[in-house]
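Single-letter residue listing:
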Amino acid sequence: MIAIGSDHAGFPLKEEIRKYLDEKGIAYKDFGTYSTDRADYPKYGAIVAHAVASGEYEKGILVCGTGIGISIAANKVKGIRAACCSDYFSAKYTRLHNDANILCMGARVIGGGAACELVDVFLNTEFEGGRHAERIAMFDDIYDGKL
Ligand code: RB5
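Residues numbered from 1 in each chain as written. Predicted model: local features only at pLDDT ≥ 70, side-chain atom pairs only at ≥ 80, totals over all residues. Heavy atoms only, no water.

### Things to note about the environment of F122
Step number 1: As for its placement among the helices and strands, F122 is situated in helix α5 (residues 112-124).
Step number 2: Here F122 falls in the buried class, since its relative accessible area comes to 0%.
Step number 3: For the pair F122 and C84, spaced 38 residues apart in sequence, the C-alpha separation works out to 12 Å.
Step number 4: Setting aside residues no more than four positions away along its own chain, F122 makes contact with K59, G60, A91, T94, R95, A100, N101, I102 and L103. (Helix = DSSP H or I, 4+ residues; strand = E, 2+ residues; numbered from the N terminus. Buried < 20%, exposed > 50% of the residue type's maximum accessible area, 1.4 Å probe, protein only. Contact = heavy atoms within 4.5 Å.)

Structure, rendered in structure tokens:
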């Protein structure tokens, strides 16, 4: 199950992504926002990040105007590796090397077609593990004050 969310700027692209997930038969929960009325991206970044960090949702997708603010918010939550991507290579390699668990995109940066391609590769690429797993473990060292 995928958790998705956006602020007002990201709402139109989130709607396109929802349509894509529906067409592909991919289960998701939409945590809002549900209109173009002003909505603060840290709130939605946090809601989706907590949903993924809890283990209840396998991965997340977040959208704001740039994809950056909402990724910064999501990355404040321990266990979250949110990657802001606008190209296919980054969306693929952030899964292979970073085991990213949230894909963030900017509705003012990329169109619906590209976004859905990124969603597709992000959801269908497995983490490589190995040496990359040791680096992922080091993220927790930062939270624990060891780095
Ligand atoms: C909202 O105007 C905009 O600042 C927000 O969607 C996002 O781009 C922030 O990073």
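### Description of the sheet that holds strand β5 (residues 102-106)
Step number 1: The five strands lie next to each other as β2-β1-β3-β5-β4, forming an open sheet whose pairing is parallel. Strand pairing shows two members of the sheet lacking a second neighbour, β2 (28-30) and β4 (82-84), which therefore form its edges. Neighbour to neighbour, the strand axes of the sheet diverge by 20° on average, direction disregarded.
Step number 2: Where strand β1 (residues 2-6) meets β2, three bridges bridge the pair, whose relative direction is parallel. Within β2, the position partnered with I4 by the bridge is D30. (Pairing = 2+ DSSP bridges. Axes fitted to C-alpha atoms, helices over the stretch in contact; angles between N-to-C directions.)

### Observations concerning the side chain of K59
Step number 1: Looking at the secondary structure, you find K59 in strand β3 (residues 59-64).
Step number 2: There is a polar contact of 3.4 Å between the side chain of K59 and the side chain of E58.
Step number 3: Setting aside anything within four residues of it in sequence, one finds K59 in contact with M1, I2, A3, V52, R95, N101, F122 and L123. (Polar contact = N/O pair within 3.5 Å; in protein donor to acceptor, adjacent residues only side chain to side chain.)

### Details of unusual backbone geometry
Step number 1: The omega torsion of the bond from G32 to T33 falls at 5°, within 30 degrees of zero and hence cis.
Step number 2: Along the chain, the position of T33 falls in the loop between β2 and α2 (41-53).
Step number 3: Positive phi outside glycine occurs at D99, with the angle close to 50°.
Step number 4: Relative to the helices and strands, D99 resides in the loop between α4 (88-96) and β5.

### Examining the packing of aromatic side chains
Step number 1: One pass over the structure, following the stated rule, counts two aromatic pairs.
Step number 2: Taking 5.5 Å as the distance between ring centres and 80° as the angle between the ring planes, the aromatic pair formed by F31 and Y57 counts as edge-to-face. In this pair, F31 is assigned in the loop between β2 and α2 and Y57 in the loop between α2 and β3, connecting sequence segments 26 residues apart.
Step number 3: By relative accessible area, Y57 is classed as buried at 8%.
Step number 4: Their ring planes at 20° and their centres at 4.3 Å tell us that F89 and Y93 sit as a pair that is stacked. Within this pair, F89 and its partner Y93 are both found in helix α4, separated by four residues, close to a single helical turn.
Step number 5: Given a relative accessible area of 55%, F89 falls into the exposed group.
Step number 6: Here Y93 falls in the partly exposed class, since its relative accessible area comes to 30%.
Step number 7: Positioned above the aromatic ring of F122 is the side chain of R95, whose terminal nitrogen or guanidinium carbon lies 5.9 Å from the ring centre. (Phe/Tyr/Trp six-rings, centres within 6.5 Å; stacked < 30°, edge-to-face > 60°. Lys NZ or Arg CZ within 6 Å of the ring centre and 35° of its normal.)

### Topic: the site of the ligand
Step number 1: The immediate surroundings of the ligand are formed by D7, H8, A9, Y41, C64, G65, T66, G69 and R108.
Step number 2: Contact between the ligand and D7: an oxygen atom at 2.6 Å from a side-chain N or O atom of the residue.
Step number 3: Between the ligand and the protein, one listed contact pairs an oxygen atom with a backbone N or O atom of G69 at 3.0 Å.
Step number 4: A total of 300 Å² of accessible area belongs to the ligand in isolation, and the protein chains cover 72% of it.
Step number 5: Of the residues assigned to the shell around the ligand, the class counts are three nonpolar, four polar and two charged. (Near = heavy atom within 4 Å. Areas by Shrake-Rupley, 256 points an atom, 1.4 Å probe, with all protein chains shown as cover. Nonpolar A, V, L, I, M, F, W, Y, C, P; charged D, E, K, R; others polar.)

Worth remembering: the numbers are spatial, not functional.
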